[in-house]
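Spelled out from the first residue to the last, the chains are:
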Amino acid sequence: MIFFNNVTKQYENGTVALDNVGFFIDKGEFVFIVGSSGAGKSTITKLILCEEQPTNGSVLINGIDLKGLSHREMPYYRRQLGMVFQDFRLLPNKTVYENIAFAMQVRNATAKEIRRAIPNVLSMVGLSHKSKVKPGQLSGGEQQRVALARAMVNNPPVLIADEPTGNLDPATAFEIIQLLEDINKRGTTVLTVTHACDIVDKMKKRVIEIDNGKIIRDGVGGYNI
Amino acid sequence: MNSKTFKFFIVEGLKSFFKNGLLSAASVITVSLSLILFGVYVLFSMNLNYAAMQIETNYEIQIFIDENADSSLIGQIELGLGEIENINTITFVAKGQALKQWIDSMADNIEALEGLEDDNPLRDSFRITFKNLQYADETLSEIKAIQGVSYIKNNKDVVDKLVDITDKIKKSSFYFMLFFAVISIFIISNSIRITVFARRREVNIMKFVGATDWFIRLPFMIEGIIIGIVGAIISAIIVSSAYGYFLSTTGVLIETTVKLLKTGQVTRILIAYLAGGGIVLGALGSSLSLRKHLYV
């Protein structure tokens, strides 16, 4: 499903962000990528999103080699991914409903499909009563729930969460992680990049730890176990 | 693309136009100013072409026929002239008619012309005008080759100068138009660039949820086109009103020297040029300013 085959990424300024990194994440897995700041975690999400290309090695998602992807094919590839970011990335001028609908409109979904899908996904994240509210009127946790609903509305096979709890208090952060676990239980592969030790410790999922661009641990357990 | 998606783009473009009220107004003003300059150029160019056309169609040369030519030869000369492609009009002037016109024009010194009716020194002639002055030399050579043509009264220097001037005016008009088109694209693309910059986050989000380049580009292009159309309407009103005012205040003075096109003759063309210019420049300007943000 997600395959990093001996990937090295060196930026133009000479920094080696990833050094011969290899891992495989199977369909339906829940995986944490952990490490300190500058360890190379964000480069992994950038490579998956095709924002960057590997210097050496290859990245395969659902059997697609991202190196061979043209600019024209990129949007269609990205539709297979759900994305959640630390800063939520919601459109401030659109309501919760419109923010989620927007992710469907870009894929040419019909009005009927949109009307059918959004109540389900809003109910999943517990925000059915806030569909007409704009993001600025929501708490951080609620905004992240909207972002999750937007990421999941098209039923992507893979969900990438890049520091999804970075801007949230511990209790809210845990709620979001539990939502991610619920999504994973429905069959979606979830890859969460984080440095929230307490959450990783509680979840007891597979953890890939990166340090100085290299994988130093890949196994089930807590942040420092 | 289905009609609902297209409606979505139109609505998004309109929403954005009204939502970014101040920015849209600033863009419309800039576009209007640029189109006003373009409109002035269009009017200037149309009037120059009109003046050049007047010079071309009114320029006349006189072809004199051999003294001994009979009516059959005159007929053959007329046929020969008719076959020349670049000749626009042919008027036969009989020597009797020419003398009468001369006498009429010399009414104050009629005594000097007494007795000429009995011994007319003038010749039969043809007055012709050209379709295109640029080919006057070739046409004159063709005329000279016709049997029975005695000589041609032609101020060749004047013709050459006229050809040269109209040619230069047409060429410089073209470069002038190109210059304004480039300036307009630059101004509009900068106006839209401000809108795109203000909404770069939105563009970024669009890319991550899987929007194609066209899905992102179209609302901005429609917004650019709306800006272009509103700018075109404003500039068309200003330019045509100013032109009407110019004609009404200076018309009598100018009519004695050069004939200018009437407001009614230019309005439709001016609106078409400005609307077309606004739409093309708005669409071009917006897509140029988006290019950088699409490669995420």
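Thresholds, definitions, all that
- Residues numbered from 1 in each chain as written.
- Chains lettered and ligands numbered in written order.
- Predicted model: local features only at pLDDT ≥ 70, side-chain atom pairs only at ≥ 80, totals over all residues.
- Heavy atoms only, no water.
- Contact = heavy atoms within 4.5 Å.
- Buried area = accessible area lost by both parts, 1.4 Å probe.
- Salt bridge = Lys/Arg side-chain N within 4 Å of Asp/Glu carboxyl O.
- Polar contact = N/O pair within 3.5 Å; in protein donor to acceptor, adjacent residues only side chain to side chain.
- Helix = DSSP H or I, 4+ residues; strand = E, 2+ residues; numbered from the N terminus.
- Nonpolar A, V, L, I, M, F, W, Y, C, P; charged D, E, K, R; others polar.
- Core = buried A, V, L, I, M, F, W, Y, C linked by side-chain atoms within 4.5 Å.
- Buried < 20%, exposed > 50% of the residue type's maximum accessible area, 1.4 Å probe, protein only.
- 1 Å grid on protein atoms, 1.4 Å probe; cavity = no way out; pocket = protein on both sides within 12 Å on 5 of 7 lines; lining within 4 Å.
- Points joined across faces, edges and corners; volume = space filled by probe spheres on them.

Chemist: Looking at this model, I keep getting lost on the interface of chain B and chain A. Mind explaining?
Modeler: Size of an interface, as often reported, equals the accessible area lost when the parts are brought together. Between chain B and chain A, the residue contacts involve 21 residues of the former and 22 residues of the latter. A buried area of about 2,000 Å², summed over both sides, lies between chain B and chain A, and 60% of it is on carbon and sulfur atoms. Of all residues in chain B, Ile205, Phe208 and Val209 of chain B bury the most surface against chain A, accounting for 32% of the area lost on that side. Inspection of the chain B/chain A interface yields zero salt bridges. Here chain B is connected to chain A by four residue pairs in polar contact (both at pLDDT 80 or more). Broken down by element, the residue count for the side of chain B that touches chain A peaks at seven residues, all from helix α7 (residues 200-208) of chain B. For the side of chain B that touches chain A, a count of residues per class yields 10 nonpolar, four polar and seven charged.

Chemist: Explain the nonpolar core here, please?
Modeler: Nonpolar side chains in soluble globular proteins tend to end up buried together. Within the largest apolar cluster, 85 residues are counted, with the highest numbers of intra-cluster contacts made by Phe32, Ile100, Ile118, Leu148, Val153, Leu159 and Leu180 of chain A. With 12 residues, helix α8 (residues 213-255) of chain B is the largest single contributor of residues to this core. With near-sequence residues (within four places) excluded, Leu148 of chain A lies in contact with Val84, Val125, Leu159, Ile176, Leu179, Leu180 and Ile183 of chain A. Core analysis: the second largest hydrophobic core is formed by 32 residues, Ile2, Phe23, Met74 and Ile210 of chain A among them.

Chemist: Help me understand helix α1 (residues 41-48) of chain A, please; the structure alone is not making it clear to me.
Modeler: Given 3.6 residues to a turn, an α-helix orients residues that are three or four positions apart in the same direction. Residue and element names in this part refer to chain A. Extensive coverage of α1 is indicated by the burial of six of its eight residues. By the burial criterion, the buried members of α1 are Lys41, Thr43, Ile44, Thr45, Leu47 and Ile48. Trailing α1 by a residue or two, Cys50 shows a phi angle of about 70°, which is positive.

Chemist: Mind showing me how you'd approach empty space enclosed by the protein here?
Modeler: The rolling of a water-molecule-sized probe over the atoms marks out the regions of remaining empty space. What the rule picks out here adds up to one cavity of 30 Å³ or more. The calculated volume of the largest cavity comes to roughly 110 Å³. If you trace the largest cavity, you find 13 residues lining it, with Met83, Arg150 and Ala151 of chain A together with Phe208 and Val209 of chain B closest to the centre. Elements supplying a minimum of two residues to the lining of the largest cavity: β6 (81-85) and α5 (140-152) of chain A together with α7 of chain B. Among the elements that line the lining of the largest cavity, the one with the most residues is β6 of chain A, at four residues. Here the residues of the lining of the largest cavity are counted per class, giving eight nonpolar, two polar and three charged.

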